[in-house]
2 protein chains.
Amino acid sequence: MRPLVSLIVFWTLLIAPFLGTELGDPTKSVFEPPNAIAGFEKPIAQLALEKKFLAVPDPKHAEQDMRALTATPHLATTPEDRKTADYVLQKFKEAGLQASIEEYKVYFGIPESVSIDIVAPEGVVLHGPSPERVDGDDGSKDSRILPAFNGYTPSADVTAEVLYANYGRPEDFDTLAQAGVDVKGKLVIIRYGEIFRGVKVLQAQQRGAAGVILYSDPMDDGYFKGDVYPKGPYRPSSAVQRGDVHFMFRYPGDPTTPGAPSSATAERTEAAQSASLPKIPVLPLSYADASPILQHLAGPESPRSWQGALPFTYHLGVGPVKVHLKIAVHYEYRTIWNVIGTVKGAEYPSDIVLSGNHRDAWVFGAADPGSGTVAQLEAVRGIGQLLKAGWRPKRTIIFASWDAEEQGMVGSTEWVEQHAQELSGAVAYFNMDVAVTGPNFAAASVPSLKQFMRDVAKSVPSPQGGSVYDAWTERTSGKSPQRNEVFPDVNGSARHSSAAPPHQDVAVGDLGSGSDYTPFLEHIGVASADMGSHGPYGVYHSAFDDYTWFTKFADPKFAYEQQMARLHGLQVLRMADADVLPFDYEDYGQEIEAYIEYTKQRAAESFPEGGPKFDELTKASKRLQSAGSMLLGAVKAGRAASPARINTALRDAERAFLTNGLPSRPWFRHAIYAPGESTGYEAIVLPGITEAIEHHDQQALVEQIQLTTAAINHASEILESAHSF
Amino acid sequence: MRPLVSLIVFWTLLIAPFLGTELGDPTKSVFEPPNAIAGFEKPIAQLALEKKFLAVPDPKHAEQDMRALTATPHLATTPEDRKTADYVLQKFKEAGLQASIEEYKVYFGIPESVSIDIVAPEGVVLHGPSPERVDGDDGSKDSRILPAFNGYTPSADVTAEVLYANYGRPEDFDTLAQAGVDVKGKLVIIRYGEIFRGVKVLQAQQRGAAGVILYSDPMDDGYFKGDVYPKGPYRPSSAVQRGDVHFMFRYPGDPTTPGAPSSATAERTEAAQSASLPKIPVLPLSYADASPILQHLAGPESPRSWQGALPFTYHLGVGPVKVHLKIAVHYEYRTIWNVIGTVKGAEYPSDIVLSGNHRDAWVFGAADPGSGTVAQLEAVRGIGQLLKAGWRPKRTIIFASWDAEEQGMVGSTEWVEQHAQELSGAVAYFNMDVAVTGPNFAAASVPSLKQFMRDVAKSVPSPQGGSVYDAWTERTSGKSPQRNEVFPDVNGSARHSSAAPPHQDVAVGDLGSGSDYTPFLEHIGVASADMGSHGPYGVYHSAFDDYTWFTKFADPKFAYEQQMARLHGLQVLRMADADVLPFDYEDYGQEIEAYIEYTKQRAAESFPEGGPKFDELTKASKRLQSAGSMLLGAVKAGRAASPARINTALRDAERAFLTNGLPSRPWFRHAIYAPGESTGYEAIVLPGITEAIEHHDQQALVEQIQLTTAAINHASEILESAHSF
């Protein structure tokens, strides 16, 4: 067993279970909540409080919120988006929060017209994009739906021959080069999946492509995976995945205000100069529309691993298919609306626990982001009931409903950039996004919070019987964590890093990028977590991610919405009220040590003649482990400094991982995690070191090892200071 | 290095290379034939003879033979089949062989009419089978082509609901049972691949199915693999895989004469009583015809690993698709024609070296079996040149052109059953079947011949430059032998057994079943080998396996036909003239020891409480290794008995592996190899023991271990007797 477990036994009082099973389905296996909570000296009082909270989230309320939030398409900056902001504001106020809307003016495009035509060879017809239609789902006929487009594509009018580039990864373009296929001046058709779509576009752009067509292959989320909507949850032939393609792995948020908030009077980079804006046009297509293009490509057969599930053999091109692509997007500075609701902390008001979820949607946004907003609103309602009963949290709680996440985390990024100063007191940021698409729970967080995530899951009943933790471990037992297990590919959220060490307990993934925790963790060093309850989700970013789809496939009884609201509320409650913050830096140090081992291997391969030494770095990771375990030991034995001093240390240790930023993209300042430059979603660990290895730059590698070592040692010093008085 | 290699250096004279590169393509890497041959005391003379032989096989002649043999469809028993027999007889005679046609009367069906219709649900249309048609290949319009059918299907008129059973393996039917899908009274649609089609039918029959529809999924050999005919070599949508479905893993050959030759006056089992005849009708379909059936199946989604490449989600059924299947086959006793050509041995006339290839075809049979027949005829022509120059082999050579192989090795089986007595002098049987479909050489044999197969490959130039061995090792280097590497799946020939030990040298596979070596090896214990040069081959058993396909994709220049003729001729020449037969029983013993280790593991899993001991068996395999190595050592040191006595021992050691047959299927008498009961093609090793384990029958296991031990010890005794005088 890991040390923390025995610690908890000493550190908290053992009490008889007093929470009944009434929260779970009584016909299923009995839910037995734990009777101790890490970080609480008086668990009985806390458990009583939690019991009150857990009784509030309600499927009926969740259903009403979902219906209201998905009534119309509500792309960021539109009047319908503003209406959802008002709805959330109202709910925040009803719960007793101090709530307001915070606006930004951001560079934003609205498509005016989009068309794609096959102009050669003769007889091959595509005049698209075709409308998204299935029997039994009329939402897609809503006249307010804009043409399907990719966020931050430039306008363009291009006619060029087409070639196929699989997933558009660097290695896919390498394969094309080896096959003698020249990308220059061509339109590249790329299937969605594997990596962030903006990376695909950058890869194509860097090779001189004239434009990119993105499409959803039925192998990846269509009929090859299972029945398509409306029969099943997978992508029907007309459904289009929209999505942002700006280079948010360089910096997210408004492309014209890197590192600074987009206030009305902000100084701005010219769009043409922005390092995060693509320079070539990008259009998303359904597989019905992509099919005639792919079917008539000539040239060599594609590698067999590039074959998708359309009923013909895939070829590379180039041509003879020639496509005319015309995209007109009107760019201007438009208003977005974050809704911010606050409960002032009674004991440590400048310590802040944050909850966040975006609210803007590509179309109706039932799963993405409605399922998260609904769970957040029910968590807020639960906390509102506690407030009405006179409770006050020790720490300040902020609930945020972000706007324009779909354009690259614009609302959250601008807010973080604006409030960086106050956020130096931030304790933790709990994110949701696609919170519910099915019954399979998964979570990702910084290592110091992984055990906290498991503990919260033990305290909430699962609709499947037992606790969420029970269902989670049962589903994943015997399986090594797969990337798509932790979060489904389409979510674009956190993934389990391949560098993560195996763990005895259920795997909590690592945070990469793709949702609003990014600015908190990777720009200002706030310990973060993300979670969701997942299932087959083929309608991602299409017009079919609506109330009908959601209630048919994702969560017909809103039981998982209730579960997620309970989990999310408990995260916030425990973090806001803990006597000692439940961070485990021994875990953090252990994971970092595993990352170092993994990275050292990569360095040894890259520098076979012998590269820089990792000894000091490894020593730093071991020091962090012992600093973490000694602090918890001191707390346990009553030898520690004052709780306030301990908590400040635990809060600030994460901040110590900040550096001056990665050499090639200084907005990303976390020494341990960053999104991969060529993956966009997946976390790369020790990013400064990893990128120096990838660039085979020995001098940079030496520097980055030093900087990372210093950052980890800084975290240890902070922890050590709290038990050496 | 393995011991044999150094042995050869001593045992044969080292001479300067005297074979030039004129046989290879001079623009490619130089072909350097070896200058020593295992088993020959005077390699110079033998190499001179081989040089003469190797100069004969000629692409032009091969092309003429191919054109003649594929001019018409020539199903066994038809007048066109008889014409090919006459053609081969003529060629044998021209080469100077004593040649004749040997006839049998065999139970055989000719289809009179075949139809399949979808009768429900309304609006789903299939009235088939549809004709096989592609642009640019008119052969398929030949009026002599019979309706596509499965050999030995009974006639039937069935209307029933349909369900999908993936590859029809036992585990697939288990999955259906677990899903609550009842096969009884239903038509089962099964995709080709993975196992012998007759096993699929037996599995369905045993579960009470009303009939079976077999189809070729485009995932397995159609557009998912690559471009389809006529653009590429893969299966076009209308192409049907015909094929025998009788239970030849119980016994091959005429179903009415198990173990005995089908002479005109033979005693016969009633067809209704035959253990090898299926009782339910079977019809093969193209994927164009199978598509509407599969597309409209309801019921649960199939497991995702069952999904094929047709453009919809595959379901299990049952129904609502209901199919009317009507098959009328006229069964009677019909004549088949083996062509047998003999060259009498000058020194050991009762020692026989055999070459075999079938001649009957499902339709035109270019690759299958034309490519083998063409190579055999060119090898015969080469040997004819030697005969004309006055050469006589030491041992008798028999060239056989088998009939009715496509109905389950009928011609070869009946002939072996008839000539079992004379064949007690058989030294080795060299098979070809689908000899050429592309450039990738592969071979399979008993372990005692594996090094011989490599040595022959070193002595023949490859059209790719260097020797066949060079191309073979280069292609497979760094790869562990894949089953489909050794022989492509559709061939149904020998596979690399999963029990085979890893080998330092290029892998030679194990023989299972599926071609005419079966009766030789597994019924009468003749050391056997099979080989071919393979490539993408999607037209297997369809009307498109014709001259046009062959010359477009398999071997446009007939260079690989020339290669295969040279290899085959060298096999025969060396085995017929060797001073000491080139069998390596140390290799055989090593492989058997690996099989024992593998099987012991399986026994340990099946009898966790502790099953019978394998110690005596392991000891026997070690004794065989040392008997093999000591005999070769004695030969090397001149301490061995007379060459005749050594050769007789080496010849008869294989025969020692025969037992009284497997308990459930006594026709199969080899203690080391048999086709799998639930695979049909793939070799299972130590079959008596393996089946006792599978039946969890401890008593049978003890018996089979004893019988197998005795057989191996018997082989050792024979070898030991030859160097202890």
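Residues numbered from 1 in each chain as written. Chains lettered and ligands numbered in written order. Predicted model: local features only at pLDDT ≥ 70, side-chain atom pairs only at ≥ 80, totals over all residues. Heavy atoms only, no water.

As recorded in an unreviewed UniProt entry, chain A goes by Glutamate carboxypeptidase II and comes from Koribacter versatilis.

This part takes up the UniProt feature "domain: Peptidase M28" (unreviewed entry) in chain A. Under the UniProt annotation, the feature "domain: Peptidase M28" (unreviewed entry) is placed at residues 338–476 of chain A. The annotated region residues 338–476 of chain A carries 37% helix and 27% strand content, and the separation between its end C-alpha atoms amounts to 36 Å. (UniProt positions renumbered as here; feature names shortened; annotations may be inferred. Helix = DSSP H or I, 4+ residues; strand = E, 2+ residues; numbered from the N terminus.)

With that settled, the discussion passes to the interface of chain A and chain B. In this complex, chain A contributes 17 residues to the contact, which on the side of chain B involves 17 residues. Taken together, both faces of the contact between chain A and chain B bury some 1,300 Å²; the carbon and sulfur share is 51%. Contact with chain B buries surface across chain A, with Tyr-223, Phe-224 and Asp-227 of chain A losing the most and accounting together for 36% of the total. Scanning the region where chain A abuts chain B turns up zero salt bridges. Counting the contacts that link chain A with chain B gives 12 residue pairs in polar contact (both at pLDDT 80 or more). (Contact = heavy atoms within 4.5 Å. Buried area = accessible area lost by both parts, 1.4 Å probe. Salt bridge = Lys/Arg side-chain N within 4 Å of Asp/Glu carboxyl O. Polar contact = N/O pair within 3.5 Å; in protein donor to acceptor, adjacent residues only side chain to side chain.)

All names here are of chain A. Relative to strand β9 (residues 317–343), strand β1 (residues 98–120) is paired through 21 bridges, and the arrangement is antiparallel. Residue pairing in the sheet places Asp-117 in a bridge with His-324 of β9. Sheet analysis places β1 next to strand β2 (residues 127–128), joined by two bridges and oriented antiparallel. The residue bridging Ile-116 from the neighbouring strand is Gly-128, located in β2. Hairpin connection from β1 to β2: six residues lie between these consecutive antiparallel strands, with Gly-123 at a positive phi of about 90 degrees. (Pairing = 2+ DSSP bridges.)

A word on the packing of aromatic side chains. Evaluated as defined, the whole model comprises 60 aromatic pairs over all chains. Aromatic side chains Phe-149 of chain B and Trp-362 of chain B sit 5.2 Å apart centroid to centroid with 80 degrees between the ring planes, which places their arrangement in the edge-to-face category. Note that Phe-149 of chain B is positioned in the loop between β2 (127–128) and β3 (156–164) and Trp-362 of chain B in the loop between β8 (348–358) and α9 (366–388), a separation of 213 residues in sequence. This pair shows no difference in class: Phe-149 of chain B is buried, exactly as Trp-362 of chain B is. With 4.9 Å between their ring centres and 75 degrees between their planes, Trp-667 of chain B and Phe-668 of chain B make a pair best called edge-to-face. A single burial state applies to Trp-667 of chain B and to Phe-668 of chain B, both of which are buried. One aromatic cluster in this structure is built from Tyr-229, Tyr-537, Tyr-540, Phe-544, Trp-549 and Phe-553 of chain A. The ring of Tyr-469 of chain A has Lys-458 of chain A lying over it, and the distance from NZ or CZ to the ring centre is 4.6 Å. The lysine or arginine in question, Arg-665 of chain A, covers the ring of Phe-668 of chain A, its NZ or CZ lying 5.4 Å from the ring centre. (Phe/Tyr/Trp six-rings, centres within 6.5 Å; stacked < 30°, edge-to-face > 60°. Buried < 20%, exposed > 50% of the residue type's maximum accessible area, 1.4 Å probe, protein only. Lys NZ or Arg CZ within 6 Å of the ring centre and 35° of its normal.)

Quick look at the environment of Leu-511 of chain A now. Relative to the elements of secondary structure, Leu-511 of chain A occurs in the loop between α13 (483–486) and α14 (517–524). The spatial distance from the C-alpha of Leu-511 of chain A to the C-alpha of Ser-642 of chain A is 32 Å, given a sequence separation of 131 residues.

Residues and elements named next belong to chain B. Remark: helix α10 (residues 410–419) packs on helix α14 (residues 517–524), axes separated minimally by 8 Å, with the N-to-C direction vectors making an angle of 40 degrees. It follows that α10 is oblique to α14 by the angle criterion. Every pair of crossing elements has a handedness; the one defined by α10 and α14 is right-handed. Contact with α10, carried on its side by Ser-412, Thr-413, Trp-415, Val-416 and Glu-417, involves Pro-519, Phe-520, His-523 and Ile-524 of α14 and no other residues of that element. Of the residues belonging to the contact of α10 with α14, the class tally is five nonpolar, three polar and one charged. (Axes fitted to C-alpha atoms, helices over the stretch in contact; angles between N-to-C directions. Parallel < 35°, antiparallel > 145°, perpendicular 65-115°, else oblique. Left-handed = near helix turned anticlockwise from the far one by under 90°. Nonpolar A, V, L, I, M, F, W, Y, C, P; charged D, E, K, R; others polar.)

Residue and element names in this part refer to chain A. Under the defined criterion, the tally for this structure stands at 64 salt bridges over all chains. Between Asp-579 and Lys-394 there is a salt bridge whose closest N-O contact spans 3.0 Å. Within this pair, whereas Asp-579 is found in the loop between α16 (559–577) and α17 (585–606), its partner Lys-394 is found in the loop between α9 (366–388) and β11 (395–402), the two being separated by 185 residues in sequence. Side by side, Asp-579 and Lys-394 carry an identical accessibility label, which is buried. Beyond isolated ion pairs, a larger network of salt bridges with shared partners links Arg-169, Glu-171, Asp-172 and Glu-194.

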